[in-house]
Protein chains: 2
Amino acid sequence: MPKKSNGRVLLGHGGGGKMTGRLIRDVILPRLDRGALGPLPDSVVLNGLGSSIAYTTDSFVVSPLFFPGGNIGSLSVHGTCNDLACSGARPLFLSLGLILEEGFPLEQLDSIVTSIAAAADDAGVQIVTGDTKVVPKGSADGIFINTSGIGKLETDIRLSPSCIVEGDEIIVSGPVGNHGMAVMLSRAEFSFDFDLKSDSASIWPLAERLLELGDGLKFLRDPTRGGIAATLNEIAASTGKGVRVTETAIPVDESVAAAAEILGIDPFQAANEGKIVAVVGKGLGSKALELLGDSPLARDAAVIGEITTTNPSKVVMITRIGGSRIMAEPSGELLPRIC
Amino acid sequence: MPKKSNGRVLLGHGGGGKMTGRLIRDVILPRLDRGALGPLPDSVVLNGLGSSIAYTTDSFVVSPLFFPGGNIGSLSVHGTCNDLACSGARPLFLSLGLILEEGFPLEQLDSIVTSIAAAADDAGVQIVTGDTKVVPKGSADGIFINTSGIGKLETDIRLSPSCIVEGDEIIVSGPVGNHGMAVMLSRAEFSFDFDLKSDSASIWPLAERLLELGDGLKFLRDPTRGGIAATLNEIAASTGKGVRVTETAIPVDESVAAAAEILGIDPFQAANEGKIVAVVGKGLGSKALELLGDSPLARDAAVIGEITTTNPSKVVMITRIGGSRIMAEPSGELLPRIC
């Protein structure tokens, strides 16, 4: 059960699940929503600027700052690029806002900025504007990074849950839960030794291939906070249709499964930072996998389920032993500061 | 003398003066600069997107969160709009990234978001995409806000220090130092009672009027952290020319002057959040003031000085008693968390 907030922000409000949704819906949106562009999305398509532009923002507060497979710097580039990619836009320009805590080691800052530069080069984006603030010791936790990003829509396809119909197929581009599990394991309180690293990467190359499906591609999402459980529930909630997935079809690396077992964390609720969930037309799942083909970013990509008319607004998972259960939306308190 | 950093971030690195410049130049830019767009500016003009777009980002960490004349919410809208306006761009779209500390009162959040909405309506911008993160108690100071913004260049005029030549005139759109002094006075440690509030406002209406000067308008800047001393030194440094201003010509409200005297703060180094410094062609100063005309945002606008070939890269102020002295670039340690 979610805790009572007593009029205060709770840690769970930042988890990306039900509580985050409630905070945004109840406190933030009623003040900001002017109707024209709807609720503040991860990424928005802007018209009226001559060419179609996607725009997004994301703040990064991950703890620890360095984890196997990346750090807050590379993550801040990949996360924002991936929100643009999921709009169907090629990421082009990023802004970089740094909030530094007094006393933060310049050597770590240098290492983080070096990762930002390498990730940007790798993703083909330019960091074009920036801002740096410093707050007194104790007023922040080392470094927080905000990146916003501008991308260009190169096709007329507009991805939206409203395009989704019964029979559409759901794919995931690879094994799930790696980022969340890598960050959890790198926290000081755990001392298990797993060969496991974050999947942090720009997934635009995958989105670009899937866009070749034309209007057979309905929807893309990067399953970050709250994992694929949050993304699948978002699809069910926003379409009002049912989502049915098959547990054995969802790829999970052995090391992730083992770590999840020990830590008592559902890998389907653990964050991903280099994966994509796509909804494609009926019968197009295998074509989508073919398009993803031999990309190293799409190792073990799979069709994991489909859209149904039964169980409206719910995600039902056919379990390993053949039963079925609801895959609930994460409440959000499980994995704070995962990105 | 600036403190030695011993390899760590110091509070002065965030003051917007020399130390900030050094941090960005020595630690951040060498990693990020890819040559194409030069050092990370406050705001950048993006080409290749069909129409000319200006793009900027700013993080806000002001303390206290509420001050006479505004709060961190309205400030976060005005600050980003003003960076766009100083590129000569009409502000159109903002993103909103919130970092909340666990335990932050929802009532304060509501009040801040309400101010954001009102400021956006007033400035004619839409908030179109957002992100909310929560960090544990003690890992942030209440709330930090990042806004990034997209504006549209409506003329072919490209404002740049490279357009500035000897004899050009410098104007300021009104009395200086109000924001910095209002925030300092509202800190708990001071208990003086002045009738003094922040000038926080969107200055696009002023920029729009000045753009009517065509290529007679050379450069615009909102003199925020470090005040007009930082802006004038930026002009001197980036042009390699001299800047000469007359102390008695620079408008300062009586209450600001009195507070500055008591606190020992130079009002020329105190932040402004609703003012504009403009460089216009020789002989165009009075025409610029005429264009600003009766705008309530431009009360007491004045021509304060000109560009010289003497004293290259320096700002020289003719003092009240007729002498002259160097107006130094603020080192940055004076006024932390002013925006």
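Conventions used here
Along each chain, the written sequence defines residue order, and numbers are assigned to residues from 1. Going through the entries in the order they are written, you letter the chains from A and number the ligands from 1. Per-residue local features of the predicted model are confined to residues with pLDDT of at least 70, and side-chain atom pairs are confined, for both listing and counting, to 80 or more; whole-chain, interface and lining totals are unaffected and use all residues. Side-chain figures throughout are based on the complete set of non-hydrogen atoms in the structure, without hydrogens or water. Least-squares superposition aligns the copies on the C-alpha atoms of those residues with pLDDT at or above 70 in both. We call two residues contacting when some pair of their heavy atoms lies within 4.5 Å. How far each domain reaches was decided by an automatic or database domain assignment. In short, buried area is how much 1.4 Å probe accessible area vanishes from two parts on joining, totalled over both. When a carboxyl oxygen of Asp or Glu is within 4 Å of a side-chain nitrogen of Lys or Arg, the pair counts as a salt bridge. Polar contacts, as used here, are pairs of N or O atoms within 3.5 Å; protein pairs need one atom able to donate a hydrogen and one able to accept it. Residues neighboring in sequence count only if both atoms are side-chain atoms. Secondary structure elements follow DSSP: runs of H or I no shorter than four residues count as helices, runs of E no shorter than two count as strands, and numbering proceeds from the N terminus. Here, strands pair whenever DSSP counts at least two bridges between them. Where helices are involved, their axes are fitted lines through C-alpha atoms of the stretch in contact, as for all axes, and angles between N-to-C directions lie from 0 to 180°. Any helix carries an expected span of 1.5 Å times its number of residues minus one. For every residue, the accessible area obtained with a 1.4 Å probe (protein chains only) is divided by the maximum for its type, and the residue is called buried under 20%, exposed over 50%, and partly exposed between those limits. Pairs were defined over the aromatic rings of Phe, Tyr and Trp, the Trp ring being its six-membered one, requiring ring centres within 6.5 Å. Orientation was assigned from the angle between planes: stacked under 30 degrees, edge-to-face over 60, tilted for the rest.

Enquirer: Which residues make up the relation of the copies chain B and chain A, and what values do they have?
Expert: Mapping between the two chain copies consists of a rotation about an axis together with a translation along that axis. Of the transformation placing chain B onto chain A, the axial shift is 0.0 Å and the rotation is 180 degrees, giving an RMSD of 0.0 Å. Between the two chains, the operation in question is that of a two-fold axis. No C-alpha of chain B approaches the rotation axis more nearly than that of Ala140 of chain B, which lies at 2.1 Å. When the interface residues of chain B are mapped onto chain A, 100% of them again lie at the interface, so the same face is used by both copies.

Enquirer: Tell me about the domain arrangement of chain A, and name the residues and values.
Expert: Residue and element names in this part refer to chain A. Domain boundaries in chain A define domain 1 (41–153) and domain 2 (161–326). On a C-alpha basis, the centres of domain 1 and domain 2 stand 23 Å from each other. Listed as interface residues are 22 residues of domain 1 and, on the opposing side, 22 residues of domain 2. The junction of domain 1 with domain 2 conceals about 1,700 Å² of combined surface from both sides, 58% of it contributed by carbon and sulfur atoms. Together, Pro68, Asn82 and Cys86 form the three largest contributors to the area buried by domain 1 at its contact with domain 2, with a combined 30%. At the boundary of domain 1 with domain 2, the tally comes to one salt bridge. As a salt-bridge pair, Arg90 and Glu208 come within 2.7 Å of each other at their nearest N and O atoms. If you look at where domain 1 meets domain 2, you find eight residue pairs in polar contact (both at pLDDT 80 or more). Contributing elements (two or more residues each) for the side of domain 1 that touches domain 2: strand E3 (66–67), helix H2 (72–85) and strand E5 (89–101). Examining the composition of the side of domain 1 that touches domain 2, we find that eight residues originate from one element, H2, more than from any other.

Enquirer: Would you mind going over the sheet that holds strand E11 (residues 277–280) of chain A in detail, with residue names and values included?
Expert: Hydrogen bonds along the backbone pair up the strands of a sheet, which may run parallel or antiparallel. Residue and element names in this part refer to chain A. What the seven strands build is an open sheet, ordered E9-E11-E8-E12-E10-E13-E14; its pairing is mixed. Each edge of the open sheet carries a strand with a single partner, namely strand E9 (217–221) and strand E14 (324–326). Going across the sheet, the axis of each strand differs from the next one's by a mean of 25 degrees, ignoring polarity. By the bridge criterion, four bridges tie E9 to E11 in an arrangement that is antiparallel. Following the sheet pairing, Phe219 is matched in E11 by Val279. Across the sheet, helix H8 (residues 285–292) is in contact with strand E8 (169–172), E11 and strand E12 (302–308); its angle to E8 comes to roughly 25 degrees.

Enquirer: Which residues make up the interface of chain B and chain A, and what values go with them?
Expert: At the interface, 82 residues of chain B touch 82 residues of chain A. Carbon and sulfur atoms make up 65% of the area that chain B and chain A hide from each other, which totals about 7,000 Å². It is Val9, Leu49 and Tyr55 of chain B in chain B that bury the most area against chain A; as a group they hold 10% of the surface buried on that side. Applying the counting rule to chain B against chain A returns six salt bridges.

Enquirer: How would you explain H2 of chain A if you had to name every residue and give the values?
Expert: Residue and element names in this part refer to chain A. Spanning 14 residues, H2 covers 20 Å between terminal C-alpha atoms, matching the ideal 20 Å at 1.5 Å per step. Among the 14 residues in H2, 14 count as buried, and that is most of the element. Where H2 begins, one side-chain oxygen reaches toward the backbone nitrogen of Gly73, 2.7 Å away; that side chain belongs to Asn71.

Enquirer: Which residues make up unusual backbone geometry, and what values do they have?
Expert: All names here are of chain A. Omega for the bond connecting Ser63 with Pro64 falls within 30 degrees of zero, at 0 degrees, which places this linkage in the cis form. Within the fold, Pro64 resides in the loop between strand E2 (53–60) and E3. Its identity as a non-glycine residue notwithstanding, Asp300 has a phi of 65 degrees, on the positive side. With respect to the helices and strands, Asp300 occurs in the loop between H8 and E12. Asp300 sits in the partly exposed class, given a relative accessible area of 45%.

Enquirer: Describe the packing of aromatic side chains, naming the residues involved and giving the relevant values.
Expert: In total, this model carries two aromatic pairs over all chains according to the counting rule given. Measuring from ring centre to ring centre gives 6.4 Å for Tyr55 of chain A and Tyr55 of chain B, while their planes differ by 75 degrees; the resulting arrangement is edge-to-face. Of this pair, Tyr55 of chain A sits in strand E2 while Tyr55 of chain B is found in strand E2 (residues 53–60), placing the two residues in two different chains. According to the relative accessible area criterion, Tyr55 of chain A is buried, its value standing at 0%.

Enquirer: Which residues make up the pairing of E2 of chain A, and what values go with them?
Expert: All names here are of chain A. With eight of eight residues buried, E2 lies mostly within the body of the structure. Both faces of E2 are covered, namely the face carrying Ile53, Tyr55, Thr57 and Ser59 and the face carrying Ala54, Thr56, Asp58 and Phe60. Pairing analysis gives four bridges linking strand E1 (residues 43–46) to E2, with the strands arranged antiparallel. Looking at the pairing, Val44 lines up with Tyr55 of E2. Strand direction decides the pairing type here: E2 and strand E7 (residues 143–153), joined by eight bridges, are antiparallel. Looking at E7, one finds that Ile53 is bridged to Lys152.

Enquirer: How would you summarise the sheet that holds strand E6 (residues 126–135) of chain A if you had to cite specific residues and measurements?
Expert: Residues and elements named next belong to chain A. Ordered in space as E1-E2-E7-E5-E6, the five strands form an open sheet in which the pairing is mixed. Each edge of the open sheet is held by one strand with a lone partner, namely E1 and E6. Between one strand axis and the next, the sheet turns through 15 degrees on average, direction left out of account.

Enquirer: Could you give an account of the pattern of salt bridges, naming the residues involved and the relevant values?
Expert: Enumeration over the complete set of coordinates arrives at 29 salt bridges over all chains. The salt bridge involving Asp294 of chain A is made with Arg209 of chain A; its shortest N-O contact spans 3.8 Å. You can see Asp294 of chain A sitting in the loop between H8 and E12 and its partner Arg209 of chain A sitting in helix H5 (residues 204–210), a full 85 residues away along the chain. Judged by relative accessible area, Arg209 of chain A falls into the partly exposed class, the value being 28%. Across the pair Arg225 of chain A and Asp131 of chain B runs a salt bridge whose closest N-O atoms are separated by 3.5 Å. Placement of the pair is Arg225 of chain A in the loop between E9 and helix H6 (227–239) and Asp131 of chain B in strand E6 (residues 126–135), with the two residues belonging to separate chains.

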